[in-house]
Amino acid sequence: MIDPFARDIHYLRVSVTDRCNLRCVYCMPEQGIPLVDHEEVLRFEEFEHLIRIAAAEGIRRVRVTGGEPLVRKGIVDFVARIKAIPGIEDVALTTNGILLPQFARDLKAAGLNRVNISLDTMRPERFQAISRNGQVKDVWAGIRTALDEGLHPVKLNVVVMGGVNDDEIADFARLTEGLPIHVRFIELMPIGEGDSRFRGHFYSVEQMEETLASSGLILAGQKIVTGGGPARYTSLPDASGTVGFISAISKHFCLLCNRLRLTAEGKLRPCLHSNREIDIRGPLRKGVSDNLLGQIFREAIVSKPQQHSMQEEGWGEQTRMMSQIGG
Ligand SMILES: Nc1nc2c(ncn2[C@@H]2O[C@H](COP(=O)(O)OP(=O)(O)OP(=O)(O)O)[C@@H](O)[C@H]2O)c(=O)[nH]1
Ligand SMILES: C[S@@+](CC[C@H](N)C(=O)[O-])C[C@H]1O[C@@H](n2cnc3c(N)ncnc32)[C@H](O)[C@@H]1O
Ligand code: SF4
Ligand code: SF4
């Protein structure tokens, strides 16, 4: 569907759970977030029903995210069911990778097209500090399994934080020389737990590019990588993979926005940054017609803001953690 700013909204990000097996410092508080009552979270059948409606409204891509989507029981079957929905061409997953060794093969068999894996550091102790107790070797096992099972393109999400992991930017870029992976450097956003870290640790894409250049790494050319997100890709000479940048703050890409979000509690979120959410669980559970549900999707799309205001608004106004929105 085309929104009022002539953007084709065809990408639905579905957060299937707000729970996670990690507690990344920029995403979730150490103690986690208050657990949502089981009843308040959409059942997979409910998600499927809504995605069918969304597909009829023009959604062609679905990204399954969270929280950590792989901690939710039944995820493989869910992927198979959404892949079978007429009109859905691309089903992708964003994950911290820890449980991929267990699920990658079945996910591939279920029809999952591709996977984006978050990894902010390759150093074991630093990973423990950022994720509050994760093991970097588990993520690597996940990355290897994803590559082995052919969940291509395999993308790595690296949130760059000045003074935390900016000294690994060059190492991450060099990974793409030997591995067919797509490393994306992401600017930290002042959302949820990211807010309190933003002022001290924000590191712009321009700074990242300068860091790469001063390490003697020459990136050249624009590359196309399968996907529908905001990253812009380039590569090192003769590399197997690519290097991408997601400049959400310094050079936002809202004018090309193509997405809508559905949260675990059944709210449609027109914009990652805006607190505005539209309840669709209530009408769904009341048994309203598919036509009316489609209208709620259309209302959400029509109410998408032209762009985010992360630079102008006061910090800390977000009412949700990133783990509750799905990134
Ligand atoms: N500002 C903003 N940032 C986004 C948006 N969508 C994704 N991002 C950022 O991009 C990061 C990576 O997102 P992913 O979940 O890996 O998905 P993607 O890169 O959009 O998807 P593909 O390109 O289809 O692989 C997220 O963690 C966010 O930081 C968006 O709509 N707005
Ligand atoms: C919320 S996580 C959910 C999926 C999965 N648990 C994972 O970590 O990939 C989705 C993405 O959001 C990113 N993210 C979380 N908080 C962020 C922040 N404050 N700024 C930028 N990206 C953030 C994560 O690094 C991750 O790549
Ligand atoms: S970024 Fe992903 S893995 Fe880390 S705490 Fe948030 S939801 Fe969990
Ligand atoms: S911040 Fe909002 S408008 Fe901008 S790209 Fe993300 S979802 Fe779209």
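Residues numbered from 1 in each chain as written. Chains lettered and ligands numbered in written order. Predicted model: local features only at pLDDT ≥ 70, side-chain atom pairs only at ≥ 80, totals over all residues. Heavy atoms only, no water.

As named in an unreviewed UniProt entry, the protein is GTP 3',8-cyclase, taken from Heliobacterium chlorum. Here is the UniProt Subunit (unreviewed entry) comment for the protein, exactly as written: "Monomer and homodimer." (UniProt positions renumbered as here; feature names shortened; annotations may be inferred.)

Caption draft 1: Structural detail: the UniProt feature "binding site: S-adenosyl-L-methionine" (unreviewed entry) in the protein. Under the UniProt annotation, "binding site: S-adenosyl-L-methionine" (unreviewed entry) lies at Tyr26, Gly67, Ser118 and Met189. Apart from residues no more than four positions distant in its own chain, glycine 67 is found in contact with Ser15, Thr17, Asp18, Arg19, Cys20 and Ser323. (Contact = heavy atoms within 4.5 Å.)

Caption draft 2: Molecular detail of unusual backbone geometry. In the segment running from histidine 152 into proline 153, the intervening peptide bond is cis, with an omega of -10°. Structurally, proline 153 can be placed in the loop between helix 5 (136–148) and strand 5 (154–160). Of note, alanine 6 is a non-glycine position whose phi angle comes to about 65°, a positive value. The exposure class assigned to alanine 6 is exposed, which follows from its relative accessible area of 63%. Even without being a glycine, arginine 132 presents a positive backbone phi close to 55°. Inspection of the secondary structure assignment puts arginine 132 in the loop between helix 4 (124–131) and helix 5. (Helix = DSSP H or I, 4+ residues; strand = E, 2+ residues; numbered from the N terminus. Buried < 20%, exposed > 50% of the residue type's maximum accessible area, 1.4 Å probe, protein only.)

Caption draft 3: Region of the structure containing the site of ligand 4. Contacts to ligand 4 come from Phe253, Cys254, Cys257, Arg261, Cys271, Leu272, Lys304 and His308. Taken together, the residues of the shell around ligand 4 sort by class into five nonpolar, one polar and two charged. (Near = heavy atom within 4 Å. Nonpolar A, V, L, I, M, F, W, Y, C, P; charged D, E, K, R; others polar.)

Caption draft 4: Spatial organisation of the packing of helix 1 (residues 44–56) against helix 2 (residues 75–83). At a minimum axis separation of 10 Å, helix 1 and helix 2 run at an interaxial angle of 20°. When the axis of helix 1 is compared with that of helix 2, the two are roughly parallel. Here the hand of the crossing between helix 1 and helix 2 comes out right-handed. Counting all contacts with helix 1, which are made through Phe44, Glu45, Phe47, Glu48 and Ile51, the residues of helix 2 involved are Ile75, Phe78, Arg81 and Ile82. Class assignment for the residues of the contact of helix 1 with helix 2 results in six nonpolar, no polar and three charged. (Axes fitted to C-alpha atoms, helices over the stretch in contact; angles between N-to-C directions. Parallel < 35°, antiparallel > 145°, perpendicular 65-115°, else oblique. Left-handed = near helix turned anticlockwise from the far one by under 90°.)

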